[in-house]
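Structural characterization, general
Here is what each chain is made of, one letter per residue.
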Amino acid sequence: MIYKVVRYMNAPALEKPASLVTAFDTADLHALVADLFETMYASHGIGIAAPQVDLGQRITVIDIAKADDDEDAAPEPIILINPEIIKKEGKQTGEEGCLSIPGFREPVSRARNVTVRAQNVKGEWFEIDGEGLLARAFQHEIDHLNGILFISHLSGLKRDLIKRKIRKLIKAGEWE
Ligand code: NI
């Protein structure tokens, strides 16, 4: 099932911390993870977090394999439940966007390498390293679980400009 992706300023779930997942290996959790992937691929995203479909749970799925719109690339799906960044190193700055703030892309500085500790659908803990784009995706998506959007990392001036433009789009009925 493809969820509707909710947008910034219209969805309180995007701006508050999500809850820990406590029930594992359930039919509901398996279905939700599958639906998040389906929604992400349908939206041509490289990551999506549960709050983006209006569900306040600490779940995100990521697949950067098709980042360059390479339709033939083999999928590299990653599921992170209750994830935490346990190590950060270096710095990178690159353009970032978000399915919940479509049409806006801005340079964002992030750590270049991160290590994430998370649970899988069975509740088993694991660690995964990412660098470059994958590290960026980990940081962006885990931010979502804490109610933080990429525009929080911009200057107040840039953020206000984006908010103004979004308010205009909302008024014009072009932002749903
Ligand atoms: Ni996002």
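Residues numbered from 1 in each chain as written. Predicted model: local features only at pLDDT ≥ 70, side-chain atom pairs only at ≥ 80, totals over all residues. Heavy atoms only, no water.

**Quick word on unusual backbone geometry**
Located in the positive-phi region is Asp 54, a residue other than glycine, with phi close to 70°. Within the secondary structure, Asp 54 is located in the loop between strand E1 (47-49) and strand E2 (59-62). Judged by its relative accessible area of 45%, Asp 54 falls in the partly exposed class. The phi dihedral of Asn 82 is positive, around 50°, even though this residue is not glycine. With respect to the helices and strands, Asn 82 occurs in strand E3 (residues 78-89). (Helix = DSSP H or I, 4+ residues; strand = E, 2+ residues; numbered from the N terminus. Buried < 20%, exposed > 50% of the residue type's maximum accessible area, 1.4 Å probe, protein only.)

**Details of the coordination of the nickel ion**
Around the nickel ion, the donor atoms from the protein are Cys 98 (SG), His 140 (NE2) and His 144 (NE2), and they sit 2.0 to 2.3 Å away. Here the donor residues of the nickel ion are spaced in sequence according to C-x41-H-x3-H. With Cys 98 in the loop between strand E4 (92-96) and strand E5 (106-110) and His 144 in helix H2 (residues 133-145), the pair connects residues that are 46 residues apart, well separated along the chain. Across the pair, exposure class does not vary: Cys 98 and His 144 are buried alike. (Donors = N, O, S within 2.8 Å, 3.2 Å for Na, K, Ca; no water.)

**Here we look at a positive patch on the surface**
A contiguous patch of positive charge on the surface is contributed by Arg 164, Lys 165, Arg 167 and Lys 168. Looking at where Arg 164 falls in the secondary structure, it is placed in helix H3 (residues 156-171). (Patch = residues over 30% accessible without salt bridge, like charges linked within 9 Å, V, L, I, M, F, W, Y side chains within 5 Å. Areas by Shrake-Rupley, 256 points an atom, 1.4 Å probe, with all protein chains shown as cover. Salt bridge = Lys/Arg side-chain N within 4 Å of Asp/Glu carboxyl O. Lys, Arg positive; Asp, Glu negative; His and termini not counted. Charge placed at Lys NZ, Arg CZ, Asp CG, Glu CD.)

**Some details on the packing of aromatic side chains**
For any pair of aromatic rings, the description rests on two quantities: the centre-to-centre distance and the angle between the ring planes. Applying the stated criterion to the full structure yields 2 aromatic pairs. Here Phe 37 and Tyr 41 contribute two aromatic rings whose centre-to-centre distance is 6.0 Å and whose plane-to-plane angle is 20°, an arrangement assigned as stacked. Linking Phe 37 with Tyr 41, this pair stays in helix H1 (residues 27-42), spanning 4 residues, or about one helical turn. Since its relative accessible area comes to 11%, Phe 37 is described here as buried. Considering the side-chain rings of Phe 104 and Trp 175, the 6.1 Å spacing of their centres and the 70° angle between planes classify their relative orientation as edge-to-face. A residue pair is termed long-range when its members are at least 10 positions apart, and Phe 104 in the loop between E4 and E5 and Trp 175 in the segment after H3 qualify at 71 residues. Residue placement shows Arg 7 over the ring face of Trp 175; its charged tip is 4.8 Å from the ring centre. Positioned above the aromatic ring of Trp 125 is the side chain of Arg 117, whose terminal nitrogen or guanidinium carbon lies 4.0 Å from the ring centre. (Phe/Tyr/Trp six-rings, centres within 6.5 Å; stacked < 30°, edge-to-face > 60°. Lys NZ or Arg CZ within 6 Å of the ring centre and 35° of its normal.)

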